[in-house]
Amino acid sequence: MKIQAAVATAPSTPLDIRELELDEPRADEVTVRLVASGVCHTDAIVRDQWYPVPLPAVLGHEGSGIVTAVGAAVTDLAVGDSVVLAPASCGVCEQCITGHPQYCVDFYALNFGGSRTDGSSSLTSDGERISSNFFGQSSFATFTNVSARNAVKVAGDAPLELLGPLGCGIMTGSGAVLNVLRPAAGESIAIFGTGAVGLAGMLAAVAAGATTIIMVDIVPERLDFALELGATHTVNSREVDPVERIREITGGQGVQYALDTTGVPPVFAQMTKSLAIRGHGALVGAAKLGTEAPFDIGSLLTSGITVSMVVEGDSVPREFIPRLIALYERGLFPFDKLVKRYEFADINTAFEDSESGVTIKPVLVF
């Protein structure tokens, strides 16, 4: 099948929209016509080879669309189904069968390897191999083949042009809060970073009933926006020491929960120091492989804190994505306020606007 796709060819180079050939779906796959795909920070850092995905490659991992073909072994999806795409996992390892597919033992190979498990790619260009299966989907394309396991069926009238980011960025922030930190009504949380992941985490904290929600960033406009969406306090860490300010807000105790969405080592350290005794912090921000962060063992040991490293919100997509949609439909999780739509042809503009902070969550519409 002839398709249009955006191909990453070299670090820090604009994506090239070109015609590719998509092969037939394997027995356990479905073909999906993309309606939309979010643009995520991870797409940018993989394009720039922070993580060594083989290039040229079709990236994109926040896809949503309509099933147009079904492999012979697929029994739970049918042509015409609306789906949101999620990261790939094997489904049979200990992590998968115990409800933690984001820690699948084959997660890196399945999502960053550039191929199916048998080494084949679903994409070619005039005979040249193009890496496929990025996060199990390679959604910067008009059509893609995905494992049925990582396609989440949603209602036929669901707003597919909006839902793609639920498969990664929005799931990451909200899942870290709802699945890992789990603040209860009346509790406190500080979130470092007001990008899509951080604001999704904030919306989840609001939905969970947290009553002290502190957002930390260096961009005044983003902090003001966070207040509009439900934050109770903001801290500009360019102007004040965020740890000291968080302790002032919480009467000297620190917060019960904290989330670092930046992956910046000094910010990670601030996150750990902002926690109350026996507080729980989580890191979701991606950093280059080999990045190390300061961690004061001496002073933190007696605090009894817990620090979790969280991938994709430790979510089971077929369970968690419908939960987020239900919250959205009830007006309790208005993640649509983070989204700005772009035509597929404007993909490089979407990348630029995401990097500069002009747009919180770009979504490409096909």
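Since this is a predicted model, take the numbers as computed values, not measurements. (Residues numbered from 1 in each chain as written. Predicted model: local features only at pLDDT ≥ 70, side-chain atom pairs only at ≥ 80, totals over all residues. Heavy atoms only, no water.)

### Structural notes on the overall build of the chain
To keep things clear, this is the line we draw: Each helix is a run of DSSP H or I of at least 4 residues and each strand a run of E of at least 2, with the numbering of both proceeding from the N terminus. Computation of the radius of gyration draws on C-alpha atoms alone. For the globule rule, the value is 2.2 Å times the number of residues to the power 0.38. Summary of the burial criterion: residues with accessible area below 20% of their type's maximum are buried, those above 50% are exposed, and those between are partly exposed, where the area comes from a 1.4 Å probe applied to protein chains only. For this analysis, residues touch if any pair of their heavy atoms sits within 4.5 Å.
Check the secondary structure of the chain and you find twelve helices and 18 strands. Against the globule reference of 21 Å for 366 residues, the chain gives a C-alpha radius of gyration of 20 Å, in line with a compact fold. Considering only C-alpha atoms, the chain reaches an extent of 60 × 40 × 35 Å along its principal axes. Scored against the burial criterion, the 366 residues of the chain give a buried share of 56%. For the chain, restricting intrachain contacts to residue pairs at least 6 apart in sequence, the fraction spanning at least 24 positions comes to 68%.

### Points about the nonpolar core
In plain terms, the rule: Only buried residues count toward a nonpolar core. Its members are Ala, Val, Leu, Ile, Met, Phe, Trp, Tyr and Cys residues joined through side-chain atoms within 4.5 Å.
Ile189, Leu199, Met202 and Met215 are the most contacted members of the largest nonpolar core, which has 50 residues in total. If we skip the residues at most four places from it in the chain, isoleucine 189 touches Val177, Leu181, Ala205, Ala210, Thr212, Ile213, Ile214, Val255, Tyr257 and Ala258. Judged by nonpolar contacts, the second largest core, of 36 residues, contains Ala6, Leu123, Tyr342 and Leu364.

### Considering the pairing of strand 15 (residues 275-283)
Consecutive side chains of a regular strand alternate in pointing toward one face of the sheet and then the other. The condition that has to hold: When DSSP finds two or more bridges between a pair of strands, those strands are recorded as paired. Classification remark: right-handed applies to a crossover when, strands pointing away from the viewer, the course from the first strand over the helix to the second runs clockwise.
In terms of residue burial, strand 15 counts as a mostly covered element, since seven of its nine residues are buried. Here strand 14 (residues 255-260) runs beside strand 15; their pairing, made up of five bridges, is parallel. Opposite leucine 259, over in strand 15, you have alanine 282 as the bridge partner. Crossover handedness for the path strand 14 to helix 9 (residues 265-273) to strand 15: right-handed. Relative to strand 16 (residues 306-309), strand 15 runs parallel, the two sharing four bridges. Paired with leucine 283 across the two strands is methionine 309, which belongs to strand 16.

### Details of the side chain of glutamine 102
Applicable threshold: Under this definition, polar contacts are N or O atom pairs within 3.5 Å; protein pairs additionally need one hydrogen-donor-capable and one acceptor-capable atom, and for neighbouring residues in sequence, both atoms have to be side-chain atoms.
With respect to the helices and strands, glutamine 102 occurs in the loop between helix 2 (94-97) and helix 3 (107-112). Within the structure, the side chain of glutamine 102 is placed 2.9 Å from the backbone oxygen of serine 315, a separation counted as a polar contact. Those residues in contact with glutamine 102, other than ones at most four positions away along the chain, are Pro87, Phe107, Val311, Glu312, Asp314, Ser315 and Pro317.

### Considerations on the environment of proline 54
Positionally, proline 54 belongs in the loop between helix 1 (41-47) and strand 4 (57-58). A relative accessible area of 37% means that proline 54 is categorised as partly exposed. Along the primary structure proline 54 and leucine 34 are separated by 20 residues, whereas in three dimensions their C-alpha atoms are 23 Å apart.

### As for the packing of aromatic side chains
What counts is decided by this rule: Aromatic pairing here means that ring centres of Phe, Tyr or Trp (its six-membered ring) are within 6.5 Å. Orientation follows from the plane angle: under 30 degrees is stacked, over 60 is edge-to-face, and everything else is tilted.
On inspection of all chains with the given rule, the structure shows ten aromatic pairs. Relative to phenylalanine 135, the ring of phenylalanine 107 has its centre 6.2 Å away and its plane inclined at 90°; by these criteria the two rings are edge-to-face. With phenylalanine 107 in helix 3 and phenylalanine 135 in the loop between strand 8 (128-130) and strand 9 (143-147), the pair connects residues that are 28 residues apart, well separated along the chain. We classify phenylalanine 107 as buried; its relative accessible area is 12%. Centroid distance phenylalanine 112 to phenylalanine 134: 5.9 Å. Interplanar angle 85°. Geometry classified as edge-to-face. Residue phenylalanine 112 is located in helix 3, and its partner phenylalanine 134 is located in the loop between strand 8 and strand 9; the two are separated by 22 residues in the primary sequence. You can call phenylalanine 112 buried: its relative accessible area is 8%. Through pairs of rings, three or more aromatic residues link up here, namely Tyr51, Phe107, Tyr108, Phe112, Phe134 and Phe135.

### Here's the deal with a nonpolar patch on the surface
Put simply, the test is: What makes a patch is a set of residues exposed beyond 30% relative accessible area and free of salt bridges, joined within 9 Å when like-charged and within 5 Å when nonpolar (Val, Leu, Ile, Met, Phe, Trp, Tyr). Accessible surface area values rest on a Shrake-Rupley calculation with a 1.4 Å probe, where residue burial reflects the displayed protein chains alone. Within this document, salt bridges are pairs made up of a side-chain nitrogen of Lys or Arg and a carboxyl oxygen of Asp or Glu, the two lying within 4 Å of each other.
A cluster of nonpolar side chains, namely Phe295, Ile297 and Leu301, defines an oily patch on the protein surface of about 340 Å² accessible area. The exposure class assigned to isoleucine 297 is exposed, which follows from its relative accessible area of 61%.

### Let's talk about the pattern of salt bridges
Where charged atoms from two side chains of opposite charge come close, those side chains can pair. For the coordinates displayed, the defined rule picks out twelve salt bridges. Between aspartate 76 and arginine 318 there is a salt bridge, with its nearest N and O atoms 2.6 Å apart. In this pair, aspartate 76 sits in the loop between strand 5 (63-70) and strand 6 (82-85) while arginine 318 sits in helix 11 (residues 317-329), placing the two residues 242 residues apart along the sequence. It is possible to trace a salt-bridge network through shared partners that takes in Asp23, Glu29 and Arg116.

### Looking at the packing of helix 5 (residues 169-181) against helix 6 (residues 196-208)
The condition is simple: Only the contacting stretch of a helix is used when fitting its axis, a line to C-alpha atoms as for every element, and angles between N-to-C directions run 0 to 180 degrees. For classification purposes, an angle smaller than 35 degrees is called roughly parallel, one larger than 145 roughly antiparallel, one from 65 to 115 roughly perpendicular, and anything else oblique. A crossing counts as left-handed when the near helix is turned anticlockwise from the far one by less than a right angle, and as right-handed when that turn is clockwise.
The N-to-C vectors of helix 5 and helix 6 enclose an angle of 40°; their axes lie 7 Å apart at closest approach. In this view, helix 5 runs oblique relative to helix 6, as classed from their interaxial angle. Once helix 5 is placed against helix 6, the crossing between them reads as right-handed. Seen from helix 5, the contacting residues are Gly169, Ile170, Thr172, Gly173, Ser174, Val177 and Leu178; seen from helix 6, they are Ala196, Val197, Ala200, Gly201, Ala204, Ala205 and Ala208.

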